[in-house]
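Residue-level structural notes
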Amino acid sequence: FRGFFAASLSLFEDVYLYPVINGSTFYLDDFPSQIPDGNSTYITRDYGTTIRDFYINIWWPDMMNLSDQYGIKYTGLAIECYDDAVDGTTDAAPDTATFLNFGNMLLRRGGEIGYHGYNHQPLCLSNSDYRGIYDYKTWQSKEAMVKAFEHLVDFCDELFPGEDMSVYVPPSNLLSKEGRQMLIENFDWIKTLSGIYLPDDALDFALLQEFDVDEYGVVDQPRIISGCDVDDFMTMGALSELNLHYVNNHFTHPDDALDPERGAELGWKELYRRFDSYLSWLYTSAPTLRNMRGTELSAAVQRFVAIAPHYDLREGFMEITLDNFSDNAQLMLRFNEKEPDDVRGGTLWHLTGDLYILEAFEDRVTVFFK
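Quick summary incoming for the structure in this document. Keep in mind it's a predicted model, so treat the numbers as computed, not measured.

With respect to helix H9 (residues 294-306)
- Look at H9: 19 Å from first C-alpha to last across 13 residues, which is about the 18 Å you get at 1.5 Å a residue.
- Listing the buried residues of H9 in full gives Gly294, Leu297, Ser298, Ala300, Val301 and Phe304. Each buried residue of H9 lies within a common arc of 160° when the element is viewed along its axis, so the set occupies one face.

A look at the sheet that holds strand S13 (residues 329-335)
- Ordered by their spatial adjacency, four strands build an open sheet running S1-S13-S16-S15, and the pairing between neighbours is antiparallel. Two strands close off the open sheet at either side, each with one partner strand: strand S1 (15-19) and strand S15 (346-352). The mean angle between the axes of side-by-side strands here comes to 25°, regardless of whether they run parallel or antiparallel.
- In terms of strand pairing, S1 meets S13 through five bridges, oriented antiparallel. Note on S13: the bridge partner recorded for Leu17 is Leu333.

A word on the sheet that holds strand S11 (residues 308-314)
- Taken in spatial order, the four strands of this open sheet run S11-S12-S17-S14, and their pairing is antiparallel. Each edge of the sheet is formed by a strand with only one pairing partner; in this case those strands are S11 and strand S14 (340-344). Averaged over all neighbouring strand pairs, the angle between strand axes comes to 20°, with direction disregarded.

Considerations on the pattern of salt bridges
- Taken as a whole and assessed by the stated rule, the structure comprises 21 salt bridges.
- The closest approach of N and O atoms between Glu296 and Lys73, which form a salt bridge, is 3.1 Å. Note that Glu296 is positioned in helix H9 and Lys73 in the loop between helix H3 (51-70) and strand S3 (74-79), a separation of 223 residues in sequence.
- Looking at Glu296, the relative accessible area reads 25%, which means it is partly exposed.
- Across the salt bridge formed by Arg274 and Asp229, the nearest N and O atoms sit 3.0 Å from each other. Remark: Asp229 occurs in the loop between strand S9 (225-226) and helix H7 (232-244) and Arg274 occurs in helix H8 (residues 268-285); sequence separation between them is 45 residues.

Focus on the side chain of Gln209
- Relative to the helices and strands, Gln209 resides in the loop between strand S6 (192-193) and strand S7 (212-213).
- Its relative accessible area of 6% is what places Gln209 among the buried residues.
- Only 2.5 Å separates the side chain of Gln209 from the backbone nitrogen of Gly195, close enough to count as a polar contact.

As for the packing of aromatic side chains
- A full pass over the atoms with the stated rule returns 29 aromatic pairs.
- Ring geometry for Phe26 versus Phe275: centroids 6.2 Å apart, planes at 70°, classification edge-to-face. Placement of the pair is Phe26 in strand S2 (residues 23-28) and Phe275 in helix H8, with a sequence separation of 249 residues. One exposure class covers both Phe26 and Phe275, and it is buried.
- Both rings, one in Tyr278 and one in Trp281, keep their centres 5.7 Å apart while their planes meet at 35°; by these two values the pair is tilted. Note that Tyr278 and Trp281 are positioned in helix H8 at a spacing of three residues, about one turn of the helix.
- Seen from the ring of Tyr27, Arg223 lies directly overhead, with NZ or CZ sitting 6.0 Å from the centre.

Side note on the nonpolar core
- Among the nonpolar cores identified, the biggest contains 91 residues, and Trp60, Phe149, Leu183 and Trp268 are the most heavily contacted of them.
- Excluding residues that lie within four positions of it along the chain, Trp268 makes contacts with Asp46, Tyr47, Phe54, Ile58, Trp59, Asp62, Met63, Cys228 and Ala257.
- Formed by 17 residues, the second largest nonpolar core is a distinct cluster that contains Ile307, Ile320, Val343 and Val365.

Description of the pairing of S3
- In terms of burial, S3 is a largely internal element, six of the six residues being buried.
- Bridge analysis of S2 against S3 gives three bridges, and the strand direction is parallel. Within the sheet, the bridge partner assigned to Phe26 lies in S3 and is Tyr74.
- Strand direction decides the pairing type here: S3 and strand S4 (residues 112-117), joined by five bridges, are parallel. Within the sheet, the bridge partner assigned to Leu77 lies in S4 and is Gly114.

Here we look at the side chain of Thr288
- Structurally, Thr288 can be placed in the loop between H8 and H9.
- Excluding its chain neighbours within four sequence positions, the residues that come into contact with Thr288 are Asn22, Tyr246, Trp349, Leu351 and Ile357.

Considerations on the environment of Val367
- Note on placement: Val367 falls in strand S17 (residues 364-369).
- Once the C-alpha coordinates of Val367 and Pro260 are considered, the two residues, 107 residues apart in sequence, prove to be 52 Å apart.

Regarding the packing of H3 against H8
- Taken N-terminus to C-terminus, the directions of H3 and H8 make an angle of 15°; their axes are 11 Å apart at the nearest point. Relative to H8, the element H3 lies roughly parallel. Classified by chirality, the crossing of H8 by H3 is right-handed. Contacts between H3 and H8 involve Phe54, Ile58, Trp59, Asp62, Met63, Asn65, Leu66, Gln69 and Tyr70 from the former and Trp268, Tyr272, Phe275, Asp276, Leu279, Ser280 and Tyr283 from the latter.
- Of the residues that constitute the contact of H3 with H8, the class distribution is 11 nonpolar, three polar and two charged.

Things to note about a negative patch on the surface
- Taken together, the side chains of Glu150, Asp154, Asp157 and Glu158 define an acidic patch exposed on the protein surface.
- Positionally, Asp154 belongs in helix H5 (residues 142-159).
- Looking at Asp154, the relative accessible area reads 51%, which means it is exposed.

Scoring rules and cut-offs
Residues numbered from 1 in each chain as written. Predicted model: local features only at pLDDT ≥ 70, side-chain atom pairs only at ≥ 80, totals over all residues. Heavy atoms only, no water. Helix = DSSP H or I, 4+ residues; strand = E, 2+ residues; numbered from the N terminus. Expected span 1.5 Å × (residues − 1). Buried < 20%, exposed > 50% of the residue type's maximum accessible area, 1.4 Å probe, protein only. Arc of directions from axis to C-beta. Pairing = 2+ DSSP bridges. Axes fitted to C-alpha atoms, helices over the stretch in contact; angles between N-to-C directions. Salt bridge = Lys/Arg side-chain N within 4 Å of Asp/Glu carboxyl O. Polar contact = N/O pair within 3.5 Å; in protein donor to acceptor, adjacent residues only side chain to side chain. Phe/Tyr/Trp six-rings, centres within 6.5 Å; stacked < 30°, edge-to-face > 60°. Lys NZ or Arg CZ within 6 Å of the ring centre and 35° of its normal. Core = buried A, V, L, I, M, F, W, Y, C linked by side-chain atoms within 4.5 Å. Contact = heavy atoms within 4.5 Å. Parallel < 35°, antiparallel > 145°, perpendicular 65-115°, else oblique. Left-handed = near helix turned anticlockwise from the far one by under 90°. Nonpolar A, V, L, I, M, F, W, Y, C, P; charged D, E, K, R; others polar. Patch = residues over 30% accessible without salt bridge, like charges linked within 9 Å, V, L, I, M, F, W, Y side chains within 5 Å. Areas by Shrake-Rupley, 256 points an atom, 1.4 Å probe, with all protein chains shown as cover. Lys, Arg positive; Asp, Glu negative; His and termini not counted. Charge placed at Lys NZ, Arg CZ, Asp CG, Glu CD.

Honestly, that's just the spatial picture; any functional story needs more than this.
Given below as structure tokens:
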């Protein structure tokens, strides 16, 4: 409800402003990765084809269509294999051809690739407790985690040379303190860690984050909602975050269409329709949202965390001073008793009613009133 509180508070002053992030990012967890073998009940029911053919010929073309329609730049999260090795051995022989094909198509469309894991075992040691909710293993040692992650890094460097990969999203949003420290100490080019934003009482040990920057300069960039079947609770969370941070951060998986807990019984055609409906609502409600890759959203978070705005209302205009300004700042403004006219030092974008987004290009901005 934070966004609703922020919107309510903005009604108490003649003019009200606060910094926002202004970004929209879409993560594809487990992509690129190894395509599951065999068939799925729901894919066979609706398409009469294998999981592999569904991914290649139906799911990915549909996701690319949404990218074209809404200007989305996907951030894919690479996972090398699905073995259960937690001792540092890395004997997997992945299907590099499909991995490379999916990854290159994503990159050519303006997306980027981040890390998800050598396998789908979270970076947690034996002192972690999954409380019976997950049947994951724990790593035998910190050294085993390092060795496996190094293998993932080498694998991605070989397939996608020259790509700067600096985002890590933990499997099932589980990352221990030891795992986080391991990444910081051994893989210092990873500058974004992305967990989740909305709390879940049953998963209070998940990586729950605020939009922030830690003492090492690593950006905490939580994802807000997930999946193609965006229910009322998630829609309310999305609406709240548009009002508070003016941000959309969403993730989905290729296998959503296979899992009944994520709407697979509805069929991919209906899941696609519902996801398209969410995107249409999002970009109609917030037309000035900037489509971003994960690293770009992290840069916006850094600016958001640093900026400190002050303003002075005068006859006919207002002066806004931005401490810690770098090259760009985004602010939400509501004009309750004033009507904006011209702007110097930035651009004012109208959202709805008396609500605006200010994009500042200088550390001093003047807004003139009619």
